[in-house]
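Residue-level listing of the chains:
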Amino acid sequence: MLRRLLPLLVAGLVVTAILASLGFWQLRRMEWKAGELAAIQRGIEQPPVALPAAIDPSMKYLPVVVSGRTTGDEILVLSGSHDLGGGYNVISGFQTEDGRRIMVDRGFITQDDRRTPRPPVALTVAGNLHWPEEKGSKTPEPDLSAGIWFAREVPRMAAHLGTGPVLVVAAAVQGDAQGVMAMPLDISHIPNNHLSYAIQWFSFAIICLVMTIALAWRIRQQTN
């Protein structure tokens with residue numbers, strides 16, 4: 001009986017240990033991710049600086065301030081939340097005082113405000129540079145005839161609006177906001193799912209251990 005039980009017990013305990021170690025690894029990853037998110041949030045909340053002369057995606061989340069004028073051209077990105085309901089984020093073409101053309105995510109409007117005119121307006125915008133990664137394999141293509149997009153795709157939106165591939169997400173706006181509510185960038189859109197992954201691995205470890213014990217007990221009963 002021992003010859004039959006020993007390999008089973010060793011294999012079962014080894015697999016259980018491997019599964020449990022993966023759970024502990026996920027807990028360590030959770031702590032690491034929490035630290036990374038806290039660092040990002042601290043960076044987002046730093047005082048804004050003037051828009052750098054050279055900009056690239058490594059500057060993601062950099063707080064900046066820009067003054068200039070919207071161009072009147074805009075993209076509406078389908079949006080919404082539990083508190084606000086359905087609506088759109090307004091992505092406006094924006095020309096800075098020194099003549100640079102960028103995009104500004106001015107914030108949220110409701111479904112009812114979709115067709116409200118938003119002509120060119122002078123604004124000073126404090127916000128954060130951002131290159132969202134929202135488009136997935138199941139994201140629909142933009143409805144260009146209606147001007148509605150389903151994800152913020154910076155290079156593609158820039159080509160559509162005739163600007164550089166630079167997006168500033170507004171946190172505060174000085175000037176006529178034209179009914180657009182600024183939605184400051186934060187870390188709520190960045191997932192930290194490592195706790196759920198850890199629970200899954202620990203669950204697999206418990207199941208493996210229980211199955212090993214049950215099978216060992218059954219083998220012992222059959223040999224008695």
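Cut-off values and rules
- Residues numbered from 1 in each chain as written.
- Predicted model: local features only at pLDDT ≥ 70, side-chain atom pairs only at ≥ 80, totals over all residues.
- Heavy atoms only, no water.
- 1 Å grid on protein atoms, 1.4 Å probe; cavity = no way out; pocket = protein on both sides within 12 Å on 5 of 7 lines; lining within 4 Å.
- Points joined across faces, edges and corners; volume = space filled by probe spheres on them.
- Helix = DSSP H or I, 4+ residues; strand = E, 2+ residues; numbered from the N terminus.
- Nonpolar A, V, L, I, M, F, W, Y, C, P; charged D, E, K, R; others polar.
- Phe/Tyr/Trp six-rings, centres within 6.5 Å; stacked < 30°, edge-to-face > 60°.
- Buried < 20%, exposed > 50% of the residue type's maximum accessible area, 1.4 Å probe, protein only.

If a probe the size of a water molecule is rolled over the atoms, the empty space left behind becomes visible. Roughly 520 Å³ of internal volume is contained in the largest pocket. Lining the largest pocket we find 24 residues, and of these H130, E134, R152, L185 and H189 sit closest to its centre. Per-element accounting of the lining of the largest pocket gives the leading share, 5 residues, to strand β2 (residues 63-81). Partitioning the lining of the largest pocket into residue classes produces 11 nonpolar, 7 polar and 6 charged.

Quick look at the packing of aromatic side chains now. Taken as a whole, this structure holds 2 aromatic pairs when the rule is applied. Ring centres 5.0 Å apart and planes at 75° place the aromatic pair F24 and F202 in the edge-to-face group. With a gap of 178 residues between them, F24 in helix α1 (residues 2-44) and F202 in helix α3 (residues 194-223) connect regions that are remote in the sequence. Accessibility expressed as a relative area gives 47% for F24, which makes it partly exposed. Each ring, one from W201 and one from F204, has its centre 5.8 Å from the other, and the planes form 80°; the classification is edge-to-face. Placement of the pair is W201 and F204 together in helix α3, with a separation of 3 residues, close to one helical turn. By relative accessible area, F204 is classed as partly exposed at 41%.

Any functional reading would require information that these geometric values do not contain.
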